[in-house]
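Architecture and fold: a report
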Amino acid sequence: MNNLDKTYTALLQDILDNGVEKKDRTGTGTLSVFGRQIRHKMSEGFPLLTTKKMHWNSIVTELLWFLSGDTNIKYLVDNDCHIWDGDAYKNYLKWFDEQCKLFKDHGIVREPWTKEQYIEQIKLGNVDADLSELGPIYGKQWRKWKSNYWIPKAWLNEDGEIVVRGENNIKLEYDEIDQIQNLINDLKTNPDSRRLMVNAWNVGELDQMVLPPCHYSWQVYTRELSTEERKKLCKVDPETECRNDAEVEIYLTLQNIPTRAISLMWNQRSVDTFLGLPFNIASYGLLLTMIADEVNMVPDELIGNLGDVHLYLNHIEQAKEQIGRELTHIERIEKLFETNKDAKSLLSQDLNEPEVISSLLLDELKIPTRTREPYPLPTVHVRDGIFCSSVNDIILENYQSHPTIKAPLSN
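Described below are features of the structure shown in this document. (Residues numbered from 1 in each chain as written. Predicted model: local features only at pLDDT ≥ 70, side-chain atom pairs only at ≥ 80, totals over all residues. Heavy atoms only, no water.)

1. A look at the overall build of the chain
This is how the line gets drawn: Only DSSP runs of H or I reaching four residues or more are called helices, and only runs of E reaching two or more are called strands; each is numbered from the N terminus. Residue contacts are defined here by distance: any two heavy atoms, one from each residue, within 4.5 Å place the two residues in contact. Here, Shrake-Rupley sampling with a 1.4 Å probe gives the accessible areas, and only protein chains in the shown set may cover a residue.
Looking only at helices and strands, the chain has 14 helices and 10 strands in total. Within the chain, residue pairs in contact and separated by at least 24 positions form 73% of the contacts whose partners lie at least 6 positions apart. For the chain, the computed accessible surface area is about 22500 Å², with 49% contributed by carbon and sulfur atoms.

See the structure below:
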């Protein structure tokens, strides 16, 4: 049963019913509530919403980009992922405005690229790396957190005094912490630790980021699986192969059946509920799946702690469309004939009197009751754990959804 879409659309309705109107940095305006939570059991299916079509390639590409430690949008552009185009373009325009002052001093008038031209030039490799860089955002913090600044010994004399002079010559060295690798190591050696966390909120570098992290930290938690839970994961019933419980445990171990389940909880300060949150849910669901594969555990529960949960004012109608409405009895009958060409043979009633076709019969034939009735959730399989490098290493199966609902992105 797909509870995720119902939870999500209930959150949309909560904002519509209880949200207060607030101004925001983009100038668009929002309806906002504070302090909500999303919970999903991974055993019910992969958390990719079905009440609107999701751009799966972008979700996967962005997460692989984070995990690689990259912060330049060229990789995203080359892989048809345009989530960060607007933020990068704003950075480019800021640089261009500064350059224009120099141009004008020399009597030169120049126009910046349009956003579309800018993205195309990045794809062609004609943009300097600095102008497609987003600063030390997620990937940088996950894989290369700066720590322990130190002064190279070559700069010091025998008394420990700095002998290099001039600000232009000074470049402090530092260590880098790979939070992802540390997490994997800890999961393998100390899975009951309460310190299995990754943080992106580096206060000392926020001013260097094009956008401070919206989802700023996450934590994983593991538990031991019972023998009964492990048996359900086995393709062959161990009872048919074993004589007692001890033999069952040995059999499960030889079959490499996981001994633990793993859950993930992320924290998010700012939640673009219509466009951003569906991506966040799927992205962290995929991250959990990849980590579980890496350490041979079973994905258990996905939890999102949400701070300022808002709908932009230009997303209100789209949210209502995704929530949908109850279908009338006549509309359900029309759906029946749309989806089943042999419907007449299934019905014994007089079709000239649609009111005699019972709701119970429509329910038995699984005719939707709402305009955007959720479909069953899909499944996802990964190869090479958390360090896979290609979208092709992540396989989405049995994804069925309602059509896309377009909405403008506020940057």
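We are not done yet, so read on.
2. A short note on the environment of Q121
Here Q121 lies in helix α5 (residues 115-124). Between the alpha carbons of Q121 and K74 there is a distance of 10.0 Å; along the sequence they are 47 residues apart.

3. Points about the side chain of T222
As a reminder, the rule being used: Any N or O atom pair separated by 3.5 Å or less is treated as a polar contact, with the protein-specific requirement of one donor-capable and one acceptor-capable atom, and with residues adjacent in sequence counted only for side-chain atom pairs.
By the element assignment, T222 lies in strand β6 (residues 215-224). Separated by 2.7 Å, the side chain of T222 and the backbone oxygen of P191 make a polar contact.

4. Overview of the side chain of Q268
Selection criterion: Only protein chains enter the accessibility calculation, which uses a 1.4 Å probe; a residue is then buried when its area is under 20% of its type maximum, exposed when over 50%, and partly exposed in between.
Considering the arrangement of structural elements, one finds Q268 in strand β7 (residues 260-272). Look at Q268 and you get buried, because its relative accessible area is 3%. Here the side chain of Q268 touches N280 through a polar contact of 2.9 Å, side chain to side chain. The residues contacting Q268, other than those within four sequence positions of it, are C214, H215, Y216, N280, N305, L306 and G307.

5. Some words on helix α10 (residues 276-295)
What counts here: Take the number of residues in a helix, subtract one, and multiply by 1.5 Å to get its expected span.
With 20 residues, α10 should cover 28 Å at 1.5 Å per step; its first-to-last C-alpha distance of 29 Å lies within 8% of that length. Counting buried positions over the 20 residues of α10 gives 17, a clear majority of the element.

6. Observations concerning empty space enclosed by the protein
Over the atoms rolls a probe the size of a water molecule, and its path tells where empty space is left. To keep things clear, this is the line we draw: Buried and open spaces are told apart on a 1 Å grid over the protein atoms alone, a cavity being a set of points where a 1.4 Å probe fits but cannot get out and a pocket being an open set with protein on both sides within 12 Å along at least five of seven lines. Residues with an atom within 4 Å of a point are the lining residues. Grid points are joined across faces, edges and corners, and a volume is the space filled by probe spheres set on the points. Basically, the charged four are Asp, Glu, Lys and Arg, the nonpolar ten are Ala, Val, Leu, Ile, Met, Phe, Trp, Tyr, Cys and Pro, and anything else, Gly included, counts as polar.
Applying the stated criterion across every chain yields a total of 1 cavity of 30 Å³ or more. As a volume, the largest cavity reaches approximately 40 Å³. In terms of lining, the largest cavity is formed by I59, E62, F66, H215, F279, N280, S283 and Y284. Every element with two or more residues in the lining of the largest cavity is listed here: α2 (56-68) and α10. Per-element accounting of the lining of the largest cavity gives the leading share, 4 residues, to α10. By residue class, the composition of the lining of the largest cavity is 4 nonpolar, 3 polar and 1 charged.

7. Focus on unusual backbone geometry
Outside of glycine, negative phi angles account for most residues, and trans bonds account for most peptide bonds. Positive phi outside glycine occurs at D80, with the angle close to 60°. Note that D80 resides in the loop between α3 (74-78) and α4 (85-105). Classification of D80 as partly exposed rests on a relative accessible area of 44%. The backbone of N398 sits at a positive phi, close to 60°, despite the residue not being glycine. Tracing the backbone shows N398 in the segment after β10 (394-397). Looking at N398, the relative accessible area reads 65%, which means it is exposed.

8. With respect to the packing of aromatic side chains
Condition: Each aromatic pair joins two rings of Phe, Tyr and Trp (for Trp, the six-membered one) with centres within 6.5 Å, and gets the label stacked for planes under 30 degrees apart, edge-to-face for over 60, and tilted for any other angle. Charges are assigned to positions over rings by a cutoff of 6 Å between ring centre and Lys NZ or Arg CZ, combined with an angular limit of 35 degrees from the ring normal.
According to the stated counting rule, one finds 17 aromatic pairs in the structure shown. Clustering of aromatic rings is evident, with ring pairs tying together W65, F66, W84, Y138, W142, W218, W266 and Y284. Of note, K52 hangs over the ring of F274, and the distance from its end group to the ring centre comes to 3.6 Å.

9. Observations regarding the pairing of β6
Keep this limit in mind: By this definition, two strands are paired if DSSP reports at least two bridges between them.
Bridge analysis of strand β5 (residues 197-199) against β6 gives 3 bridges, and the strand direction is antiparallel. The residue bridging N199 from the neighbouring strand is S217, located in β6.

10. A closer look at the layout of surface pockets
What the largest pocket holds in volume is close to 1300 Å³. As for the largest pocket, its lining consists of 47 residues, of which I83, D272, L275, G276 and L409 are closest to the centre. Of all the secondary-structure elements, those providing two or more residues to the lining of the largest pocket are α2, α4, β7, α10 and β8 (298-312). Considering only residue class, the lining of the largest pocket consists of 17 nonpolar, 15 polar and 15 charged. By volume, the second largest pocket amounts to about 830 Å³. Surrounding the second largest pocket, 24 residues form its lining, M42, S43, L233, V298 and P299 being those nearest its centre. Those elements that provide at least two residues to the lining of the second largest pocket are α8 (227-232), α10, β8 and β9 (379-382).

Interpretation in functional terms is not warranted from these geometric data alone.
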